[in-house]
Amino acid sequence: MLDLATPKQNLSTSNLSTETSVPAPAAKLKPKEHGAYAILGIPIVTALAIAGPSVVGACVAVAAVTGFLAHEPLLVSLGHRGSRAQRTTPAASRRLAVLLFVTLACGTMAVAMGSNVVRWSLAGCGILAVASFALAIAGKHKTLGGQLFGVVGLSVACVPIMLAGGFAVSTTHEAWATWLIGFAATTMAVRGVIAAQKRHSRWLHWTTLAGLSLLVAGLTLASFRLPIATLPMLTMSWYLMLDPPPAKQLKRVGWTLVVGTIASAAWMTYALTPWTN
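All figures in this text were calculated on a predicted structure; none of them were measured in a lab.

1. Some points on the overall build of the chain
- Within the chain, the secondary structure is distributed over 13 helices and zero strands.
- Helices and strands in the chain line up, N terminus first, as α-α-α-α-α-α-α-α-α-α-α-α-α.
- Counting only residues that meet the buried cut, the chain has 40% of its 277 residues in that class.
- Taking contacts inside the chain between residues at least 6 apart in sequence as the whole, the part at least 24 apart equals 75%.
- A total accessible area of about 15,100 Å² is found for the chain, and carbon and sulfur atoms account for 70% of it.

2. Looking at helix H10 (residues 169-197)
- The end-to-end C-alpha separation of H10 is 42 Å, in line with the 42 Å expected for 29 residues at 1.5 Å each.
- Where H10 ends, the next residue or the one after it, arginine 199, has phi of about 60°, a positive value.

3. Remarks on the packing of aromatic side chains
- By the definition in use, this model includes three aromatic pairs.
- When the centroid spacing of 5.5 Å and the interplanar angle of 15° are considered together, the rings of tryptophan 179 and phenylalanine 183 count as stacked. One end of the pair is tryptophan 179 and the other is phenylalanine 183, both in helix H10 and four residues apart, which spans about a single turn. As far as the burial class goes, tryptophan 179 and phenylalanine 183 line up, both buried.
- Their ring planes at 40° and their centres at 5.9 Å tell us that tryptophan 206 and tryptophan 238 sit as a pair that is tilted. Taken together, the residues span a long stretch of sequence, with tryptophan 206 in helix H11 (residues 203-221) and tryptophan 238 in helix H12 (residues 231-242) at a distance of 32 residues.
- The partly exposed category is assigned to tryptophan 206, whose relative accessible area is 28%.

4. Re the nonpolar core
- Within the largest apolar cluster, 43 residues are counted, with the highest numbers of intra-cluster contacts made by Ile44, Val60, Met162, Trp179, Met268 and Leu272.
- Elements supplying a minimum of two residues to this core: helix H2 (34-51), helix H3 (55-69), helix H6 (91-113), helix H7 (116-137), helix H8 (144-155), helix H9 (158-164), H10 and helix H13 (250-272).
- Once residues lying within four places of it in the same chain are set aside, the contact partners of valine 60 are Ala110, Leu122, Ala157, Pro160 and Ile161.
- The next biggest cluster of nonpolar side chains, apart from the first, holds nine residues, and it includes Ala184, Ala189, Leu212 and Leu234.

5. Comments concerning the environment of alanine 210
- Residue placement: alanine 210 occurs in helix H11.
- Residue alanine 210 is classed as partly exposed on the basis of its relative accessible area, which comes to 28%.
- Considering only alpha carbons, one finds alanine 210 and leucine 234, 24 residues apart in sequence, at a separation of 9.6 Å.

6. A word on the side chain of threonine 273
- Along the chain, threonine 273 falls in the segment after H13.
- Within the local environment of threonine 273, its side chain forms a polar contact with the backbone oxygen of threonine 269, the two atoms lying 2.4 Å apart.

7. Overview of H12
- In this model H12 runs 16 Å from its N-terminal to its C-terminal C-alpha over twelve residues, within 8% of the 16 Å that 1.5 Å per residue would give.
- Every buried residue belonging to H12 is among Pro232, Met233, Leu234, Ser237, Leu240 and Met241, and all of these are buried.
- Buried residues belonging to H12 abut H10, H11 and H13.

8. Observations concerning a nonpolar patch on the surface
- Taken together, the side chains of Val55, Met109 and Met113 make up a nonpolar region of the molecular surface, amounting to roughly 280 Å² of accessible area.
- Relative to the elements of secondary structure, methionine 109 occurs in helix H6.

9. Things to note about the environment of valine 156
- Relative to the helices and strands, valine 156 resides in the loop between H8 and H9.
- Expressed as a C-alpha distance, the spacing of valine 156 and tryptophan 179, which sit 23 residues apart in the sequence, is 9.1 Å.
- Residues in contact with valine 156, not counting those within four places in the same chain, are Cys125, Leu128 and Trp176.

10. Focus: the confidence of the model for the chain
- Considering every residue of the chain, the mean pLDDT works out to 87; 83% of them sit at 70 or more.
- Within the model, pLDDT remains below 50 along residues 1-9, and this stretch shows zero contacts once partners closer than five positions in the same chain are excluded.

11. What to know about the environment of alanine 38
- As for its placement among the helices and strands, alanine 38 is situated in helix H2.
- When its relative accessible area of 17% is taken as the criterion, alanine 38 is described as buried.
- Linking alanine 38 and serine 155, residues 117 residues apart in sequence, is a C-alpha distance of 9.3 Å.
- The contacts of alanine 38, once residues within four sequence positions are left out, are Pro43 and Phe183.

12. As for unusual backbone geometry
- Although it is not a glycine, arginine 199 adopts a positive phi angle of roughly 60°.
- Summarising the element assignment, arginine 199 is placed in the loop between H10 and H11.
- Its identity is not glycine, yet serine 223 carries a phi of approximately 80°, on the positive side.
- Following the sequence through the fold, serine 223 ends up in the loop between H11 and H12.

Cut-offs and rules
Along each chain, the written sequence defines residue order, and numbers are assigned to residues from 1. Note on the predicted model: pLDDT of at least 70 is required for a residue's local features to be given, and 80 or more for side-chain atom pairs to be given and counted; whole-chain, interface and lining totals, by contrast, use all residues. Just so you know, side-chain values use all the structure's heavy atoms and leave hydrogens and water out. Numbering of helices and strands starts at the N terminus; helices are DSSP runs of H or I of at least 4 residues and strands are runs of E of at least 2. Remark: exposure states derive from per-residue accessible area (1.4 Å probe, protein chains only) relative to the maximum for the residue type, with buried under 20%, exposed over 50%, and partly exposed in between. Throughout, a contact is declared for two residues whenever any of their heavy atoms are within 4.5 Å. Surface accessibility follows the Shrake-Rupley procedure with a 1.4 Å probe radius. Residue values consider only the protein chains on display as shielding. Expected helix span is computed as 1.5 Å times (number of residues minus one). Note on aromatic pairs: the rings of Phe, Tyr and Trp (six-membered ring only in Trp) are paired at centre separations within 6.5 Å, and the planes decide the class, stacked below 30 degrees, edge-to-face beyond 60, tilted for the rest. In plain words, nonpolar cores are sets of buried Ala, Val, Leu, Ile, Met, Phe, Trp, Tyr and Cys residues tied together by side-chain atoms within 4.5 Å. Two N or O atoms count as a polar contact when they lie within 3.5 Å, although within protein this holds only if one can serve as hydrogen donor and the other as acceptor, and sequence-adjacent residues are included solely when both atoms are side-chain atoms. Grouping into patches uses exposed residues only, defined as over 30% relative accessible area, and leaves out salt-bridged ones; the cut-off is 9 Å for like charges and 5 Å for nonpolar side chains (Val, Leu, Ile, Met, Phe, Trp, Tyr). Think of a salt bridge as a Lys or Arg side-chain nitrogen and an Asp or Glu carboxyl oxygen that are within 4 Å of each other. A residue's pLDDT is the predictor's confidence in that residue, given on a scale from 0 to 100.

Quick look at the structure:
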């Protein structure tokens, strides 16, 4: 008698074999924290625009970007994106090695060619970079403290670029502090939007944003000229806190804050351009 179960069993086994033989897609090696692109890139572009072109500034910019891009390959290589991503993405270790080599090479060149004050600032950048990698390895980079520390580590690249362009230490620190205030506000706004979607308390977000706004007002009254440049970022942050979009419109949050950040960058560029002073 003909056994009809055998072909079906063989077919099922064949299909299972075919399915299991299909390789899993490799993990993406670009940083997933999209807001970090703006926190890193806009201060760098602004610093290069106002400081003018220089070899040291270019080396710092490249080192900062490649160091940032090494973040995701590092997490994948260490298994922090899951064992499957680690297993299916052998290119992560190679990309990590290349990016770290470029970072160290450009950083070393900037140290060799920069002035003493630039070297000290680069030492600080290196310490912050190591601390940022340590936070990522520990899995703390998505906490509030980790994100605020990320703002510090990502935006600091503007300091050696401005110093290499001849800006005074006081002006450079004021510009960096201005970015820290603005990005702290946008970070709290994003977390406030997420808290609103989850129906969590937002008192910390409200009080922090109010405190940052009062800080800008106080610094402006004290004759500091750059903190007022955060006004577009603060405005967009208040807008998102007052009218948080639904989950389906989260892209609106990102683009709203990017617009505010670019406006603040333009304001700061105008304020620090020699012919406007």
